[in-house]
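Coordinates in review
The residues making up each chain are set out below.
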Amino acid sequence: MPDRFTGKVAIVTGSSSGIGQSIAIRLASEGAAVVIDYHSHPEGANETKAKVEAFGSKAITVQADVSSLADTQNLVDQAYIQLGGCDILVNNAGVEKNAPFLEVTEKDYDMVLDTNLKGAFFLTQAFVKRLVALQKPGRVINISSVHEDMVFPNFASYCAAKGGMRMLMRDLAMELGPVGITVNNVAPGAINTPINTALLADKPKLNALLNNIPLGRLGSTDDVSALVAFLASDEAGYITGSTYVVDGGLMRNYKEQ
Ligand SMILES: NC(=O)c1ccc[n+]([C@@H]2O[C@H](COP(=O)([O-])OP(=O)(O)OC[C@H]3O[C@@H](n4cnc5c(N)ncnc54)[C@H](O)[C@@H]3O)[C@@H](O)[C@H]2O)c1
């Protein structure tokens, strides 16, 4: 592995499982100290911490519900108090709720929008305030989804949140470029993680999806974290304001009937 993050500190939200866990481990494998945020699974966060520490990197676990402003502020504070700063923010925490539009409840809408969009919004604000005060550069990487652009019937709240994340990223890239902070989205397609438990158990649905993926397989969490590591690295210093899709070709698929 290259050693691109020695001396850097990264916050990765929702890093007790799935893509977030893989990102935390990948950044740590290249030297980053990591703030492992978890919502409700301390055992997953501890598993991530053990894997980070196996690379000789520092890690702390912090319980934070990203939809709470106080919790997001505390996440940033803990990075400074316990690890001495924070250079990289990965807004990965996310939830989806399957429901036809007419059956979406206010409670579920709030849960999806507050976790996926409000959380990224205000955690980024807390992260950036510190950097601006210190006149330091930084990296913001949001894990959005192909559904920041591609329709997903019965997941209207998820699409609204991820679409909002796309415009948030574009806007912040403009506002924060002058202070040396890059902002980009990584948009995964279908990745083998707990968020897809129901899909993975439904063979006909899974096979139909696989037929729509030119590379013929689900993505792995490593496929996503490799791209995040590149965007977080110095090599990506001139890249801001865009979405990078990692989907095996799903979005570009076209078939003659
Ligand atoms: N797996 C896929 O196919 C796929 C595709 C596109 C986008 N994504 C996105 O990737 C991200 C990670 O998802 P995943 O696939 O690893 O699934 P996952 O369910 O394993 O991960 C989601 C993480 O977010 C955390 N989380 C949920 N609500 C939270 C809250 N309020 N505060 C803090 N953390 C919270 C969960 O605890 C979990 O660790 C999500 O934003 C998801 O929308 C996933």
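A brief look at the structure comes next. (Residues numbered from 1 in each chain as written. Predicted model: local features only at pLDDT ≥ 70, side-chain atom pairs only at ≥ 80, totals over all residues. Heavy atoms only, no water.)

What about the pattern of salt bridges?
This structure, assessed with the given rule, holds 9 salt bridges. Between Glu53 and Lys49 there is a salt bridge, with its nearest N and O atoms 3.0 Å apart. Here Glu53 pairs with Lys49, and both are found in helix 2 (residues 42–53), just 4 residues apart, close to one helical turn. Taking relative accessible area as the criterion, Glu53 reaches 38% and is therefore assigned partly exposed. For Lys49, a relative accessible area of 24% puts it in the partly exposed group. (Salt bridge = Lys/Arg side-chain N within 4 Å of Asp/Glu carboxyl O. Helix = DSSP H or I, 4+ residues; strand = E, 2+ residues; numbered from the N terminus. Buried < 20%, exposed > 50% of the residue type's maximum accessible area, 1.4 Å probe, protein only.)

Some remarks on helix 8 (residues 221–232)
Here helix 8 spans 16 Å end to end across 12 residues, near enough to the 16 Å set by a 1.5 Å rise per residue. Of the positions making up helix 8, those classed as buried are Thr221, Val224, Ser225, Leu227, Val228, Ala229, Leu231 and Ala232. Packed against the buried residues of helix 8 are helix 1 (18–29), strand 4 (88–91), strand 5 (138–143), strand 6 (181–188) and strand 7 (243–246). (Expected span 1.5 Å × (residues − 1). Contact = heavy atoms within 4.5 Å.)

Section: the nonpolar core
Ile11, Val35, Leu75, Val76, Cys86, Phe127 and Val183 are the most contacted members of the largest nonpolar core, which totals 35 residues. Taken together, the elements giving at least two residues each to this core come down to strand 1 (9–12), strand 2 (33–38), strand 3 (59–63), helix 3 (69–83), helix 4 (106–134), helix 5 (156–176) and strand 6. Looking at this core element by element, the count peaks at 9 residues for helix 4. Excluding anything up to four places from it in sequence, Val35 contacts Val9, Ala10, Ile11, Val12, Ser15, Ile60, Val62, Leu75, Ala79 and Leu83. Ala10, Val12, Val34 and Leu231 belong to the second largest nonpolar core, which has 30 residues in total. (Core = buried A, V, L, I, M, F, W, Y, C linked by side-chain atoms within 4.5 Å.)

Focus on the site of the ligand
Inspection of the region around the ligand gives 28 residues, with Ser17, Ile19, Asn92, Tyr158 and Thr193 positioned closest. A distance of 2.8 Å separates an oxygen atom of the ligand from a polar atom in the backbone of Ile191. Between an oxygen atom of the ligand and a side-chain N or O atom of Thr193, the distance comes to 2.5 Å. Of all the elements in the fold, those that place two or more residues in the shell around the ligand are helix 1 and helix 5. (Near = heavy atom within 4 Å. Polar contact = N/O pair within 3.5 Å; in protein donor to acceptor, adjacent residues only side chain to side chain.)

Thoughts on the sheet that holds strand 7
On the basis of which strands lie adjacent, the open sheet formed by 7 strands has the order 3-2-1-4-5-6-7 and parallel pairing. Among the strands making up the open sheet, the edge pair consists of strand 3 and strand 7. Between one strand axis and the next, the sheet turns by 20 degrees as a mean value, whatever way the strands run. With 5 bridges connecting them, strand 2 and strand 3 associate as parallel partners. Note on strand 3: the bridge partner recorded for Ile36 is Thr61. Contacts between helix 1 and the sheet are confined to strand 1, strand 2, strand 4, strand 5 and strand 6, with strand 1 contributing the most and set at about 175 degrees to the helix. Along the sheet, helix 2 makes contact with strand 2 and strand 3, crossing strand 3 at roughly 165 degrees. (Pairing = 2+ DSSP bridges. Axes fitted to C-alpha atoms, helices over the stretch in contact; angles between N-to-C directions.)

Some remarks on the packing of aromatic side chains
Considering all chains together, one arrives at 3 aromatic pairs under this definition. Between Phe121 and Phe122 the ring centres are 4.9 Å apart and the planes differ by 50 degrees, which places this aromatic pair in the tilted class. When its relative accessible area of 38% is taken as the criterion, Phe121 is described as partly exposed. Here the aromatic rings of Phe152 and Phe155 are separated by 3.9 Å at their centres, their planes lie at 10 degrees, and the arrangement is stacked. You can call Phe155 buried: its relative accessible area is 10%. Taken together, the ring pairs connect Phe152, Phe155 and Tyr158 into an aromatic cluster. Note that Arg130 overlies the ring of Tyr80, its terminal NZ or CZ placed 4.3 Å from the centroid. (Phe/Tyr/Trp six-rings, centres within 6.5 Å; stacked < 30°, edge-to-face > 60°. Lys NZ or Arg CZ within 6 Å of the ring centre and 35° of its normal.)

These values are about where atoms sit, not about what they do.
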